[in-house]
Amino acid sequence: MRIIFLGPPGAGKGTQAKLIVKDYHIRQLSTGDLLREHRKLGTELGSKAQTYMDAGNLVPDSVILGMVGEEFNKPDLAPGYILDGFPRTCPQAEGLDQLLQNTNQKLDHVLVLEVPDSELIRRLTARRSCPECGHIYNLIFNPPKTAGICDHDGIELIHRSDDTEATVLNRLKVYQELTKPLVNHYEPQGLVRHIDGTGGVAEIYQRILNAVK
Ligand code: AMP
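### Examining the site of the ligand
Here is step 1 of the chain: As a matter of local geometry, the ligand sits amid 16 residues, with T31, R36, N57, G85 and Q92 nearest to it.
Here is step 2 of the chain: The separation between an oxygen atom of the ligand and a polar main-chain atom of N57 is 2.5 Å.
Here is step 3 of the chain: For the ligand, a nitrogen atom lies 2.9 Å from a polar atom in the backbone of G85.
Here is step 4 of the chain: When the ligand sits alone it has 480 Å² of accessible area, and the protein chains cover 96% of it.
Here is step 5 of the chain: It is helix 2 (residues 31–41) that provides the largest number of residues to the shell around the ligand, a total of 4 residues.

Put into structure tokens, the structure is as follows:
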């Protein structure tokens, strides 16, 4: 199964993608995670991306398409994948169309997680994540058992530098202007499924399962 996950930052794409990965044994390909990995490793790509990410702006399409193109050559994408945070612009969607055509692949679903802006701001500013295992917590509705510490590996949780209120507002604006129009790109192919992204994690996941069945 090949899925694109669209939705504003904080809609829960990462959390839901991890559940899909577990049930369907396909890979989550998150461009945000890949970029953060590059930053952690101190690669040239990582330092190029840093200023854009910290301001909540998009990393240039050419950088993203190069990075995703490399991932498409890896065998672990063969059973299927869920694209999380990619594509984010029309040129990226066109680049993906090309990659799919070159590799003879077709998408199955484009899931659009819908959450009101006020809820997104509340979620993002309270979000904490584990830099080691990637588990995502929320201080309001899904806190770790011990404050500031990952339940799974005891590592100190971090507040992403782009989850501050000013950056979050910019990321939401960028989503509305550049990413939301992608729904129109995929609508004619009959792939788009709108999912209500409010409520509990399990409840939202059930809506996703109903949509992909
Ligand atoms: P995310 O973890 O998906 O919210 O991404 C965090 C940040 O990484 C974004 O605010 C962008 O600066 C950058 N980023 C991630 N994916 C992309 C993409 N497909 N195109 C451009 N920038 C991206």
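Here the narrative resumes, following the displayed structure.
### Considerations on helix 4 (residues 61–72)
Here is step 1 of the chain: Over its 12 residues, helix 4 extends 16 Å from the first C-alpha to the last, a length consistent with the 16 Å expected when each residue adds 1.5 Å.
Here is step 2 of the chain: Those residues of helix 4 not exposed but buried are V63, I64, M67, V68, G69, E71 and F72.
Here is step 3 of the chain: Tucked inside the fold, the buried residues of helix 4 contact strand 2 (27–30), helix 2, helix 3 (44–55), strand 3 (81–84) and helix 5 (90–102).

### Things to note about the sheet that holds strand 1 (residues 2–6)
Here is step 1 of the chain: Spatially, 2-3-1-4-7 is the arrangement adopted by the 5 strands of the open sheet, whose pairing is parallel. Single-partner strands in this sheet number two, and they are strand 2 and strand 7 (192–196). Averaged over all pairs of adjacent strands, the angle between strand axes in this sheet comes to 25 degrees, irrespective of strand direction.
Here is step 2 of the chain: Two strands pair when backbone bridges link them, and strand 1 and strand 4 (residues 109–114) are joined in this way by 4 bridges, in the parallel orientation. Residue pairing across strands places F5 opposite L111, the latter belonging to strand 4.

The rules we used
Residues numbered from 1 in each chain as written. Predicted model: local features only at pLDDT ≥ 70, side-chain atom pairs only at ≥ 80, totals over all residues. Heavy atoms only, no water. Near = heavy atom within 4 Å. Polar contact = N/O pair within 3.5 Å; in protein donor to acceptor, adjacent residues only side chain to side chain. Areas by Shrake-Rupley, 256 points an atom, 1.4 Å probe, with all protein chains shown as cover. Helix = DSSP H or I, 4+ residues; strand = E, 2+ residues; numbered from the N terminus. Expected span 1.5 Å × (residues − 1). Buried < 20%, exposed > 50% of the residue type's maximum accessible area, 1.4 Å probe, protein only. Contact = heavy atoms within 4.5 Å. Pairing = 2+ DSSP bridges. Axes fitted to C-alpha atoms, helices over the stretch in contact; angles between N-to-C directions.

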